[in-house]
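# Summary of structural features
So you can see what is in the structure, the chains are spelled out below.
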Amino acid sequence: MFEKPSLSGDGKKLAVIVHFSPSENDRRGYGDSDSYQLLIMDRVTKKCRVLAKAGKLGRPQISSDGTTVAIIAPTMAFDSNSKDYDKADLFLVPTNGSAPQKAALPEGARLDDYPDTRPSISDDGARVVFSVTQGKTHQIYLYDRATGAATLVSATPDQKPGNADSAQPCISGDGNVVAFVSQATDLLPSGPATGIYHYSVAS
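Model, not experiment: these values are computed from the prediction.

Attention now moves to the overall build of the chain. Counting its secondary structure elements, the chain contains one helix and 16 strands. Burial statistics for the chain: of 203 residues in total, 45% are counted as buried. Considering only contacts in the chain between residues 6 or more positions apart, those separated by 24 or more positions represent 43%. For the chain, the exposed surface amounts to about 10,600 Å²; the carbon and sulfur share of it is 50%.

Structural data, given as structure tokens:
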């Protein structure tokens, strides 16, 4: 079964999750776990490439130029020797089959439930925004591939996490502006109880 598709800006590449649920006979021979694959379909060459495989994968987001897929997944999706089945990380995966890059996460943060969480990626795949659980609230972070750093976006003027949940981040095509929804009241000196915020990325 195919699910969670994401199409590049020119419509030439499609990132999609393929779900395989074993039959009863398969379960006897190969175990009882479902499996998921991250598949890239190239509409020009008519070729497909499997980029990841695991018992659970998040929603892929392909960059507009079709070069990179951002996805939340366990490490074992890219490393068959890994024993880490449950912990989720954010990966930037080149569609040409090159090695994926794992994004740095802030200390103490964990990615939100990844079967339903989709990161947002800039057109060139250089920047990605995503939601994490940090302490008792959800916060928004920006990962920059050039610097390898994750920056808090849902921050107060003194650069502390907001006092309530922030969610649904999206990034502009050029990677310079992030928008998100927040219930925090301290992101601005006189912030609303709930609002839509935009964040300008430092050049």
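Sheet faces and side chains relate simply in a regular strand, where the side chains alternate between the two faces. Strand 7 (residues 88-94) sits mainly inside the fold: seven of its seven residues count as buried. Alternating positions in strand 7 separate into two faces, Ala88, Leu90, Leu92 and Pro94 on one and Asp89, Phe91 and Val93 on the other, with burial throughout. Taken together, the seven bridges between strand 6 (residues 68-74) and strand 7 define a ladder with antiparallel strand orientation. Bridge pairing links alanine 70 to leucine 92 in strand 7. As paired strands, strand 7 and strand 8 (residues 101-102) are joined by two bridges and run antiparallel to one another. When the sheet's bridge partners are listed, leucine 92 is paired in strand 8 with glutamine 101. Joining the antiparallel neighbours strand 7 and strand 8 is a turn of six residues, in which glycine 97 adopts a positive phi near 95°.

Pairing within the open sheet is antiparallel, and its four strands lie in the order 1-2-3-4. Edge strands, defined here as strands with exactly one partner in the open sheet, are strand 1 (2-7) and strand 4 (47-54). Neighbouring strand axes in the sheet, compared pairwise and without regard to direction, differ in orientation by 20° on average. With seven bridges joining them, strand 3 (residues 35-42) and strand 4 adopt antiparallel strand pairing. Looking at strand 4, one finds that tyrosine 36 is bridged to alanine 54.

A few words now on the sheet that holds strand 15 (residues 177-182). Within the open sheet, the three strands sit side by side as 14-15-16. Their pairing is antiparallel. What marks the edges here is a single partner per strand, and that holds for strand 14 (166-171) and strand 16 (195-200). Ignoring strand direction, the axes of neighbouring strands in this sheet form an average angle of 25°. Summarising the sheet, strand 15 and strand 16 pair through six bridges and their orientation is antiparallel. Directly across from serine 182, in strand 16, lies its bridge partner glycine 195.

What counts as what
- Counting restarts for each chain: residues are numbered from 1 in the order of the written sequence.
- Where totals are concerned, whole chains, interfaces and linings use all residues; where local detail is concerned, this predicted model gives features only for residues with pLDDT of at least 70, and gives and counts side-chain atom pairs only at 80 or more.
- Working from all heavy atoms in the structure, the side-chain values ignore hydrogens and water.
- In DSSP terms, a helix is any run of H or I states spanning at least four residues, a strand is any run of E spanning at least two, and both are numbered starting from the N terminus.
- The classification of residues rests on relative accessible area computed with a 1.4 Å probe and restricted to protein chains. Under 20% of the type maximum is buried, over 50% is exposed, and intermediate values are partly exposed.
- By definition, residues are in contact when any of their heavy atoms lie within 4.5 Å.
- Working definition of accessibility: Shrake-Rupley area with a 1.4 Å probe, residue cover restricted to the visible protein chains.
- Pairing between two strands is assigned when DSSP locates at least 2 bridges connecting them.
- Each axis is a line fitted through C-alpha atoms, and for a helix only the stretch in contact is used; angles between axes span 0 to 180 degrees, taken between their N-to-C directions.

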